[in-house]
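# What the coordinates show
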Amino acid sequence: MPNIIPPTPSKPNGKSAMIIGAGPAGLMAAERLAGDGYAVAIYEGMASAGRKFLMAGKSGLNITHSEDLETFLTRYGQSRECLEPHLRKFGPDQIRQWCTGLGVETFVGSSGRVFPTAMKASPLLRAWLRRLEGLGCTIAYRHYWTGWDDNDNAVFKTPNGEITAKSDITVLALGGGSWKRLGSDGKWMEILNKAGITCNPFKPANCGFDVNWTDHLIEKCAGSPVKPVTLTCGNQSVRGEFVISKNGIEGSAVYAISATLRDLWLETGDATLTLDLIPDRDLTDVTTRLSKPRGKNSLGNHLRKSLGLDATKTALIFETTPRDILNDPAKLAMAIKDLPLKITKPRPLDEAISTAGGVAWEELDENFQLIKRPGTYCLGEMVDWEAPTGGYLLSGVLVACKLDKHTK
Ligand SMILES: Cc1cc2nc3c(=O)[nH]c(=O)nc-3n(C[C@H](O)[C@H](O)[C@H](O)COP(=O)(O)OP(=O)(O)OC[C@H]3O[C@@H](n4cnc5c(N)ncnc54)[C@H](O)[C@@H]3O)c2cc1C
């Protein structure tokens, strides 16, 4: 049996807290509030908790990152300022300790990403729910929040009809707008907008992009990785790998550059990614190697023998490069180091790993409390911040903040 060390709850403080949304943000808020002596009731629209968290577990549950904290903080871009004080209190080290406290050991993978040893989310979620139960939290499933009534009660649609509830503190932890089938449908945005709270429209984050591939390329390469490769868009360059899909491109390097590429596409309606297909060799070296006589070798064979390019990279070159360039070694070398790939659009929001957009920072105080509704907090992916994959998303969701009704 894992050694589960529950937090010690302080004495009941006579106050109640309502958490809406049983994803990681809501469950962490429940844990903190119960620890502070609140009577906590969690309401969840789905029939079980943490469905997206469990889905994240299918790819190993990259729960945080081990890089030094200063570099880690840069991953939150423009939202760093708002998240930093909370990430400093509950950052990568604390997340790992918290996992250990739940009986789940973690390890640092070769890329610095942190995973539970079991590479899945279910043991952690089970232990977490047990801890919350031990702290006296209740969870009502199939309770879908539809807004507030005229008396400011929260209204829930349930299998037994509508119910209302009120509490001293309300935490909205309703998630972003992707993977709707897992529960976070983003419909809360309309409710908050109606309540006069500014929410910025959702945008796909950590997403793939469509490319107008020929049928030939799809047939030959769909599902194949392109690696190693450096992708460049504007001032950002990312080295790594991506996958050719039947619609376009996806995978870690694409996700890492996706915010820049998406914003360029949204601004101009047009965006091109530049690929360096041979990042370990400089242009002179590539030119010299390509200029050697190829004898009876086909161009594909010549690329393989002289540069070690595999069939997928070669197919990409043939797909995107005009014939006159293919026949000129110096120009071809430049193309291989600087291959333009026009994307047509980001993949749909629902497919994205995460979403940008959501409750605007200016609506929240420094503890994520809605300034226009003191006592109501918004936490997790529903707030307008984004971060790349690498454990930064869950780290940003689990941040510590003081959940205690206060006005400025
Ligand atoms: C395929 C995939 C893989 C991922 N892998 C990783 C990873 O390895 N590492 C990482 O850091 N992040 C990963 N993420 C992202 C991570 O899972 C999310 O950032 C995180 O789950 C967001 O937590 P949250 O609590 O804010 O929202 P959610 O997890 O979306 O939880 C929101 C909850 O609110 C409920 N809800 C919504 N609306 C209502 C309503 N009206 N009434 C009642 N309940 C409602 C939902 O049902 C849901 O349970 C991944 C995401 C996906 C899709």
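It should be noted that the structure appears before, not after, this text.
Predicted, not measured: the structure shown is a model, and the values here were computed from it.

Attention now goes to the site of the ligand. Around the ligand sit 30 residues in total, of which Glu-44, Asn-62, Trp-145, Glu-381 and Leu-394 are the nearest. Contact between the ligand and Asn-62: a nitrogen atom at 2.8 Å from a main-chain N or O atom of the residue. In the model, an oxygen atom of the ligand is placed 2.7 Å from a nitrogen or oxygen of the Leu-394 main chain. Summarising the interface, the protein chains cover 95% of the accessible area of the ligand, which totals 990 Å² for the free molecule.

Residues in a regular strand project their side chains so that they alternate between the two faces of the sheet. Of the pairings in the sheet, the one linking strand E3 (residues 64-65) to strand E5 (residues 113-116) comprises two bridges and is antiparallel in character. The residue bridging His-65 from the neighbouring strand is Arg-113, located in E5. Alignment of strand E4 (residues 106-108) against E5, held across three bridges, turns out to be antiparallel. Counterpart to Phe-107 in the pairing with E5 is Phe-115. With antiparallel pairing between neighbouring strands as the criterion, E4 and E5 make up a hairpin whose turn holds four residues, including Gly-112 at a positive phi of roughly 90°.

This part takes up the layout of surface pockets. Where empty space is left in the structure can be found by rolling a water-sized probe over the atoms. Size it by volume and the second largest pocket reaches roughly 860 Å³. Every residue lining the second largest pocket is counted, 35 residues in all, and those nearest its centre are Arg-75, Ala-259, Glu-386, Ala-387 and Pro-388. Those elements that place two or more of their residues in the lining of the second largest pocket are strand E11 (199-205), strand E14 (236-244) and helix H9 (252-268). Grouping the constituent residues of the lining of the second largest pocket by class yields 13 nonpolar, 12 polar and 10 charged. Domain assignment of the residues forming the lining of the second largest pocket places at least three in each of domain 1 (16-204 + 350-397) and domain 2 (209-346).

Backbone phi values are negative for most residues with the exception of glycine, while trans is the configuration of most peptide bonds. Cis geometry marks the peptide bond from Lys-227 to Pro-228, where omega comes out at -10°. Position of Pro-228 among the secondary structure elements: in strand E13 (residues 225-233). Located in the positive-phi region is Arg-142, a residue other than glycine, with phi close to 55°. Among the structural elements, Arg-142 can be located in the loop between strand E6 (138-140) and strand E7 (144-148).

Here seven bridges tie E13 to E14, and the two strands are oriented antiparallel to one another. Within the sheet, the bridge partner assigned to Leu-231 lies in E14 and is Val-238. What sits between the antiparallel neighbours E13 and E14 is a turn of two residues, in which Gly-234 has the positive phi angle 55°.

Note on sheets: strands pair through backbone hydrogen bonds, and any given pair is parallel or antiparallel. Ordered in space as E3-E5-E4, the three strands form an open sheet in which the pairing is antiparallel. Looking along the sheet, the strands with just one partner apiece sit at the ends: E3 and E4.

What counts as what
- Numbering of residues begins from 1 in every chain and follows the order in which that chain's sequence is written.
- For a predicted model such as this one, the threshold for reporting local features is a pLDDT of at least 70, and the threshold for listing and counting side-chain atom pairs is 80 or more; totals across whole chains, interfaces and linings nevertheless cover every residue.
- Water and hydrogen atoms were dropped before computing side-chain values, which therefore reflect all heavy atoms in the structure.
- Nearness is defined per residue: one heavy atom within 4 Å of the molecule or strand is enough.
- By the criterion applied in these results, polar contacts are pairs of N or O atoms within 3.5 Å in which, for protein atoms, one can donate a hydrogen and the other can accept it, and in which residues neighboring in sequence qualify only through two side-chain atoms.
- Here, Shrake-Rupley sampling with a 1.4 Å probe gives the accessible areas, and only protein chains in the shown set may cover a residue.
- The criterion for strand pairing is that DSSP finds at least two bridges linking the strands in question.
- Put simply, DSSP marks the helices as runs of H or I at least four residues long and the strands as runs of E at least two long, and each gets a number from the N terminus on.
- A cavity here means a set of points on a 1 Å grid, drawn over the protein atoms and nothing else, where a 1.4 Å probe fits but cannot get out; a pocket is an open set with protein on both sides within 12 Å along at least five of seven lines, and a residue lines either one if it has an atom within 4 Å of a point.
- Grid points are joined across faces, edges and corners, and a volume is the space filled by probe spheres set on the points.
- Side-chain classes are defined by residue name, with Ala, Val, Leu, Ile, Met, Phe, Trp, Tyr, Cys and Pro counting as nonpolar, Asp, Glu, Lys and Arg as charged, and the others, Gly among them, as polar.
- What fixes the domain bounds is an automatic or database domain assignment.

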